[in-house]
Amino acid sequence: MKIRASATLRAFFGRRDVLEIDGDTVESALTALFDEYPEAKKVAFDDEGNLRDFIRVYANGEDKTARDQWSAPLSDDSEILLLPSISGGAPFESVVSNERAKAVALDDAEIERFTNHLTLREISVRGQKKIKAARVAVVGAGALGSAVIRSLAAAGVGTIKAIDFDSVEPRNLQTQTLHGLRDINRPKVASARDSVRNISKSIAFEAENSAVTADNAISLLKGFDLVLDCSDNYKARYLINDACFFCGIPVVFGAMFQCEGRVGVFNYNGGACYRCLFPSPPPPGLVPTCSENGVISPLPGIIGSIQANEAIKLIVGIGEPLVDKTLVFDVLNLRTTLLEVAKDDKCPLCGRNRTIATVEDFDYDDFCGLKVDETEEPIDEMEPEELAKRIENGDPITIVDVREPHERAILRFPKTVVIPIGQLARRQKELDPKLDTVFVCKEGKRSAFAVRTLREAGYAGRTYTLKGGIDATRDIIFSREGGWL
Ligand SMILES: [Zn+2]
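The text that follows walks through the structure, step by step, so that each part is easy to find. (Residues numbered from 1 in each chain as written. Predicted model: local features only at pLDDT ≥ 70, side-chain atom pairs only at ≥ 80, totals over all residues. Heavy atoms only, no water.)

1. Focus: the sheet that holds strand E14 (residues 380-382)
The strand order across the open sheet built from five strands is E14-E18-E17-E15-E16, with neighbouring strands paired in parallel fashion. Only two strands of the sheet have a single neighbouring strand rather than two, namely E14 and strand E16 (416-418). This sheet shows a mean twist of 35° between the axes of neighbouring strands, independent of strand direction. Here strand E15 (residues 397-401) runs beside E16; their pairing, made up of three bridges, is parallel. When the sheet's bridge partners are listed, Ile399 is paired in E16 with Thr416. Packing against the sheet, helix H17 (residues 445-456) makes contact with strand E17 (436-440) and strand E18 (463-466), and its axis sits at approximately 165° to E18. (Pairing = 2+ DSSP bridges. Helix = DSSP H or I, 4+ residues; strand = E, 2+ residues; numbered from the N terminus. Axes fitted to C-alpha atoms, helices over the stretch in contact; angles between N-to-C directions. Contact = heavy atoms within 4.5 Å.)

Structure follows, in structure tokens:
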């Protein structure tokens, strides 16, 4: 019969994942196995000969860890799995059932096209049929989505749904390989559809040109085997996590920050969810969103490919998925770290005392700083046109740039005082409370946070945030005759 060892144990079995062993019970098979690998025996059993607590034994998918089950007869083609408890509580199951895989057939063209998988022992015909039967939703057709959608389409995933509300802009082309010059201003999902059609005509591709909201999250994702989170903002991330928890769909999550990427599998078979790791998003303004942050251009390809690889593993049921783990990949120094993510009993979504009973919206808006706390005094916004007029008229006004140094290097805003948010309270004496003070950042979120910070520090002068930030202002400010630079 076959014995499989989980990757963490493999080092003790000559790095082999499958071992052929003679035996007709769990007892006789394990005895034969450990006679052959005495080093492994020291790991698996204590001095009294008892199986150590952290290892579970499965035979043909059934838990046979208890010693009294070891003498039950097993057939020749049985498979025993040795699973350290740290990897999760159950043997690894494909997200696509065998019945569904059996119901699809591969035609001659597909047999030729998918040769790479068909000749790969781990996948073969059985696995490729599962890939064809699989229904995968990808949220985000941007940077990560580009790598994921291309890879899944090429692999032969039968049904792919892409969800994105954005249109293609020139600055996307550096990281988003689904889109090209002729796609500028087109919806990203339309461009994604064309790219997928160019890879294969037989994929059922659904293009959803809308944002994920609390109202639509469940209906958008329900019925899919797997969701790939390729979003770039906290709101979408928490909506996807919560909706998938309620629908029982595993999520392959991907995220990027500058030169670092993260991948993890959440909500698989009762495993940890994203909120077990981060119960709630950071306060608004503290962390720039991905759309405010640059990334090194090959990073989304690398991280998206790892996500797609996890998806294929989950669909076929092979390898060791990143369940209850997060891979952190620093591509600048080529360092990877594998973090254990324990399911949290206190998780507000999947823990014992759940406080989240449905996919909720208002919380996310608050969390993400998209909505101002109504109990707080509102922050005055200044329209870009108004600011332009005041500068042109020579009105006395103070403009404070709270962006990071690397952001200021891209585009310098004229006539500004530079004070990082962290120093505002301490340096408020540099501001003249008799003058109106306007705070500027890239999108207008961090500047609103700056106003609040200053207010809390007791500043008495009139403060504004520049509406929409420099992104909304650049055309107005920089198209003026003569410019201000
Ligand atoms: Zn959780």
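2. Quick word on the coordination of the zinc ion
Within the protein, the zinc ion binds to Cys273 (SG), Cys276 (SG), Cys347 (SG) and Cys350 (SG); these donor distances fall in the range 2.3 Å. One can describe the donor arrangement at the zinc ion as tetrahedral, given that its four donor atoms subtend angles of 92 to 123° at the metal. Sequence positions of the residues that donate to the zinc ion give the spacing C-x2-C-x70-C-x2-C. Here Cys350 lies in the loop between strand E13 (335-340) and helix H14 (362-368) and Cys273 lies in the loop between strand E11 (260-266) and helix H12 (274-277), a separation of 77 residues in the sequence. (Donors = N, O, S within 2.8 Å, 3.2 Å for Na, K, Ca; no water. Tetrahedral: all angles 85-135°; square planar, octahedral: opposite > 155°, others 65-115°.)

3. Focus on the nonpolar core
As a rule of thumb, nonpolar side chains are buried together in soluble globular proteins. Judged by nonpolar contacts, the single largest core of 48 residues is most densely connected at Val136, Val138, Leu152, Leu226, Leu228 and Ile315. In terms of residue count, the dominant contributor to this core is helix H13 (residues 299-316) (nine residues). By size, the runner-up hydrophobic cluster in this structure holds 32 residues, among which are Val139, Leu239, Phe253 and Tyr274. (Core = buried A, V, L, I, M, F, W, Y, C linked by side-chain atoms within 4.5 Å. Buried < 20%, exposed > 50% of the residue type's maximum accessible area, 1.4 Å probe, protein only.)

4. A closer look at the environment of Gln258
Position of Gln258 relative to the elements: it lies in the loop between strand E10 (251-257) and E11. Its relative accessible area of 32% is what places Gln258 among the partly exposed residues. Along the chain, Gln258 and Val331 lie 73 residues apart, while their C-alpha atoms are 9.6 Å from each other.

5. Section: the pairing of E18
With burial as the criterion, each face of E18 is covered, one bearing Thr463 and Thr465 and the other bearing Tyr464 and Leu466. The pairing of E14 with E18 spans three bridges and is parallel. Considered in E18, the bridge of Met382 is made with Leu466. Pairing of E17 with E18, which is carried by three bridges, proceeds in the parallel orientation. Residue Thr437 lies in a different strand from E18, and its bridge partner there is Thr463. In this fold, the crossover linking E17 to E18 by way of H17 has right-handed handedness. (Right-handed = clockwise from strand over helix to strand, strands pointing away.)

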